[in-house]
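# Analysis of the macromolecular model
Each chain, letter by letter, is given below.
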Amino acid sequence: MTAVIMNGKEVAMNIRKVLAEEIAATGVSPLLAIVQVGDNPASQIYVRNKHKAAAEIGMKCRICYVPETDDEENLRNLLLDLNDNDDVNGIIVQLPLPQNFDELKILSWIKYIKDVDGFSPTNAGLLQMNSPEAVVAATPQGVLALLKHYLSDLRGKHAVIIGRSNIVGRPLADLLLNQDCTVTVTHSKTVNLPDICRQADILIAACGCPKMVKADWVKKGACVVDVGINRVDGHLVGDVDFDEVKEVASYISPVPGGVGPMTVAMLLKNTWNAYKKQHPLV
Ligand code: NAD
């Protein structure tokens, strides 16, 4: 048995194409503001990629650089200005922030309808309560879109998530619960992790441990989604040992080309949705 490859690149391209067509048809140009604090080189690459992806579908992007030496008050003032600026439709603060900045406090300053990363406490709470108002974080939303593209029905499936971060594991657990999955969230202190993973119909790895998930952790015929992005010897690898696991699973997402492109597509979708909420007549 060799698994079907979940082609995130292709699914994401189709989503971006639809967004580009919708935006072109309305003749408007939504604006995404990206706040980058400090000069983390990985963040610079992510910000550049988001800028390029936005431009490709007819969105504008404003990048606001904040020096690492600035204090939180200046950052707060910048975010409040962006919140109040009617030209700005979506705001993201590129993570991780330098150590001297309090992430949760800063994310809570973004107005929730402009919080297109969905990381603010308000959006996290709305998602947990299964509110249609929630702006859902892009990576978990991308995972769900990929699952829905390849699986006919998620109801009643046992989903095991490895990782409990605020940006992937926790919101993904809420999303899948809202889809009527039975959800188990595991983490670095979980005992007998391989045993729990073997119970999964859907196994999602989001722990940042290169190739940790092995073939004997996976139930025959399970669907395995790899969120991990790890650089090993200059190559990108996921949290799943792809070559082994593809022989056991029925579906598997590759790294790169799986969840990564879905994340970017969902960020753009969130920004376009934010624009439409702010301009209901469009
Ligand atoms: P994080 O470091 O914030 O959280 C990692 C989680 O994994 C924690 O909850 C931790 O308890 C758990 N964990 C760590 N080691 C473990 C182990 N040995 N066994 C079980 N659980 C373990 O990371 P994050 O931001 O959630 O990201 C996770 C991975 O996903 C990283 O590789 C990151 O680069 C990747 N990521 C990818 C995308 C994408 O678009 N594809 C987006 C965000 C994050």
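Let us look at the structure shown here. These figures come from a predicted structure and were not determined experimentally. (Residues numbered from 1 in each chain as written. Predicted model: local features only at pLDDT ≥ 70, side-chain atom pairs only at ≥ 80, totals over all residues. Heavy atoms only, no water.)

## Observations concerning the sheet that holds strand E4 (residues 90–93)
We count it as follows: Two strands form a pair only when DSSP identifies at least two bridges running between them. The helix count covers DSSP runs of H or I at least four residues long, the strand count covers runs of E at least two residues long, and both are numbered beginning at the N terminus. The convention used is that axes are lines fitted to C-alpha atoms, helices contributing only their stretch in contact, and that angles between N-to-C directions extend from 0 to 180 degrees. By the convention used here, residues are in contact when the closest approach between their heavy atoms is within 4.5 Å.
Pairing within the open sheet is parallel, and its 3 strands lie in the order E3-E2-E4. Because the sheet does not close on itself, it has two edges, and the strands there are strand E3 (60–66) and E4. Ignoring strand direction, the axes of neighbouring strands in this sheet form an average angle of 20°. Across 4 bridges, strand E2 (residues 31–37) lies against E4 in parallel orientation. Bridge pairing in E4 places Leu32 opposite Gly90. On top of the sheet, helix H2 (residues 41–56) reaches E2, E3 and E4; it is set at about 175° to E2, its chief contact.

## Some words on the packing of aromatic side chains
Note the cut-off: For Phe, Tyr and Trp, rings pair up if their centres lie within 6.5 Å, where Trp contributes its six-membered ring, and each pair is then called stacked (planes under 30 degrees apart), edge-to-face (over 60) or tilted (otherwise). For every residue, the accessible area obtained with a 1.4 Å probe (protein chains only) is divided by the maximum for its type, and the residue is called buried under 20%, exposed over 50%, and partly exposed between those limits.
Applying the stated criterion across every chain, the model contains 2 aromatic pairs. On the numbers, 6.1 Å between centres and 55° between planes, the contact of Tyr150 with Tyr251 is tilted. Here Tyr251 lies in strand E11 (residues 251–252) and Tyr150 lies in helix H6 (residues 138–150), a separation of 101 residues in the sequence. Taking relative accessible area as the criterion, Tyr251 reaches 23% and is therefore assigned partly exposed. Between Trp272 and Tyr275 the ring centres are 5.5 Å apart and the planes differ by 15°, which places this aromatic pair in the stacked class. With a gap of 3 residues between them, Trp272 and Tyr275 both fall in helix H10 (residues 259–278), about one helical turn apart. Accessibility expressed as a relative area gives 1% for Trp272, which makes it buried.

## Thoughts on the site of the ligand
The condition that has to hold: The cutoff for a nearby residue is simple: one of its non-hydrogen atoms must lie within 4 Å of the molecule or strand. Whenever a nitrogen or oxygen atom comes within 3.5 Å of another N or O atom, the pair is scored as a polar contact, on the condition that within protein one atom can donate a hydrogen and the other can accept it, and that pairs from neighbouring residues in sequence are kept only if both atoms are in side chains. For the area figures, the Shrake-Rupley method with a 1.4 Å probe applies, and any residue is considered shielded solely by the protein chains shown. Following the grouping adopted for this structure description, the nonpolar residues are Ala, Val, Leu, Ile, Met, Phe, Trp, Tyr, Cys and Pro, the charged ones are Asp, Glu, Lys and Arg, and the polar ones are all others, Gly among them.
In the vicinity of the ligand there are 22 residues, among which Arg164, Ser165, Val227, Ile229 and Thr263 approach most closely. Here an oxygen atom of the ligand sits 2.8 Å away from a polar atom, N or O, in the main chain of Arg164. At 3.1 Å from an oxygen atom of the ligand is found a main-chain nitrogen or oxygen belonging to Ser188. Considered on its own, the ligand offers 850 Å² of accessible surface; in the complex 71% of this is hidden by protein. Looking at the shell around the ligand, its residues break down into 11 nonpolar, 10 polar and 1 charged.

## Overview of the sheet that holds strand E6 (residues 182–186)
Strand order in this open sheet of 6 strands is E1-E11-E8-E7-E5-E6, and the pairing throughout is parallel. At either margin of the open sheet sits one strand with a lone partner, and together these are strand E1 (4–5) and E6.

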